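Given next are the chains, with one letter for each unit.
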Amino acid sequence: MSHSDPQLIREAQQGNASALAQLLQDHYTFLYKYLLKITLDPSLTADICQDTMVRCMEKISSYNGSSSFSSWLITIATRLYFDRMRRWKREKDWATSEEQGIRSMRWQFESRNEEWTDVLDALSRLPSSQRAAVLLKHYYGYGYEEIGSMLQIPEGTAKSRVAYGLRQLRKELGEDEQ
């Protein structure tokens, strides 16, 4: 959290549109990169990022400072993503859409001469609930209690999703557990 965040948050909560715009702009890249790792789909990432920013604008007055502003945004974004996934799960072409997203993301990586790693491949095959938990724990460094809160699940469920996700990743990457 930037040293100017508390002041920007107070001003945004008091209706200062410029402060809110600056706050959202300051956190956009962080949020986008997080969502890209969760969704594995640049188009979906952009949509959920935009929805998250709109929801933040609507709910800024309810931000109470009990977590960092970026954690609050991640919580909103993750919930929006899972809500969308639940809706898409009912549609027959969900799997096709995710495969196209992975191919699109892989192509974007390769076209920029960036490496598409075996880890990203393995992450793409995890269920989204496990992928989110693993990334929040091991990439972003959140604790199980925070992950549970962000994903609206008990702390124990967060631990098991991380454990099952890591077990699957190790299996996919050929690293046998000992």
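Caption draft 1: Region of the structure containing the overall build of the protein chain. When its secondary structure is counted, the protein chain shows 9 helices and 0 strands. For the protein chain, the α and β elements follow one another from N to C terminus as α-α-α-α-α-α-α-α-α. The 178 residues of the protein chain split such that 42% are buried. Across the protein chain, the fraction of contacts at a sequence separation of at least 24, relative to all contacts at a separation of at least 6, is 61%. Accessible area for the protein chain stands at about 10,300 Å²; split by element, carbon and sulfur atoms hold 46% of it.

Caption draft 2: Layout of the packing of helix H7 (residues 128-139) against helix H9 (residues 155-172). Where H7 contacts H9, the two axes come as close as 8 Å, and the packing angle between them is 95°. Considering their axes alone, H7 and H9 lie roughly perpendicular with respect to each other. In contact with Ser 129, Gln 130, Ala 133, Val 134, Lys 137 and His 138 of H7, H9 contributes Ala 158, Arg 161, Val 162, Tyr 164, Gly 165, Leu 166 and Leu 169. Its residues assigned to classes, the contact of H7 with H9 comprises 7 nonpolar, 4 polar and 2 charged.

Caption draft 3: Quick look at the pattern of salt bridges. A full pass over the atoms with the stated rule returns 5 salt bridges. Between Arg 84 and Asp 47 there is a salt bridge, with its nearest N and O atoms 3.7 Å apart. Placement of the pair is Arg 84 in helix H4 (residues 69-89) and Asp 47 in helix H3 (residues 42-59), with a sequence separation of 37 residues. With a shortest N-O distance of 3.9 Å, Glu 58 and Arg 55 are connected by a salt bridge. Linking Glu 58 with Arg 55, this pair stays in helix H3, spanning 3 residues, or about one helical turn.

Caption draft 4: Examining the packing of aromatic side chains more closely. Enumeration over the complete set of coordinates arrives at 8 aromatic pairs. For the pair Tyr 34 and Tyr 140, a centre-to-centre distance of 5.4 Å together with 75° between the ring planes defines the contact as edge-to-face. With a gap of 106 residues between them, Tyr 34 in helix H2 (residues 17-39) and Tyr 140 in the loop between H7 and helix H8 (144-151) connect regions that are remote in the sequence. Each member of the pair, Tyr 34 as well as Tyr 140, carries the same accessibility label: buried. Considering the side-chain rings of Phe 69 and Trp 72, the 5.6 Å spacing of their centres and the 45° angle between planes classify their relative orientation as tilted. Here Phe 69 and its partner Trp 72 are both found in helix H4, 3 residues apart, which amounts to about one turn of the helix. An aromatic cluster of three or more residues is present, and its members are Phe 30, Tyr 34, Tyr 139 and Tyr 140.

Caption draft 5: Molecular detail of the packing of H7 against H8. The N-to-C vectors of H7 and H8 enclose an angle of 140°; their axes lie 10 Å apart at closest approach. Looking at the two axes, H7 sits oblique to H8. Pair H7 / H8 crosses with right-handed handedness. Across the interface between the two elements, Ala 132, Ala 133, Leu 136 and Lys 137 of H7 pack against Tyr 144, Ile 147, Met 150 and Leu 151 of H8. The residue makeup of the contact of H7 with H8, split by class, is 7 nonpolar, no polar and 1 charged.

Scoring rules and cut-offs
Residues numbered from 1 in each chain as written. Predicted model: local features only at pLDDT ≥ 70, side-chain atom pairs only at ≥ 80, totals over all residues. Heavy atoms only, no water. Helix = DSSP H or I, 4+ residues; strand = E, 2+ residues; numbered from the N terminus. Buried < 20%, exposed > 50% of the residue type's maximum accessible area, 1.4 Å probe, protein only. Contact = heavy atoms within 4.5 Å. Areas by Shrake-Rupley, 256 points an atom, 1.4 Å probe, with all protein chains shown as cover. Axes fitted to C-alpha atoms, helices over the stretch in contact; angles between N-to-C directions. Parallel < 35°, antiparallel > 145°, perpendicular 65-115°, else oblique. Nonpolar A, V, L, I, M, F, W, Y, C, P; charged D, E, K, R; others polar. Salt bridge = Lys/Arg side-chain N within 4 Å of Asp/Glu carboxyl O. Phe/Tyr/Trp six-rings, centres within 6.5 Å; stacked < 30°, edge-to-face > 60°. Left-handed = near helix turned anticlockwise from the far one by under 90°.

That is the geometry; function is a separate question.
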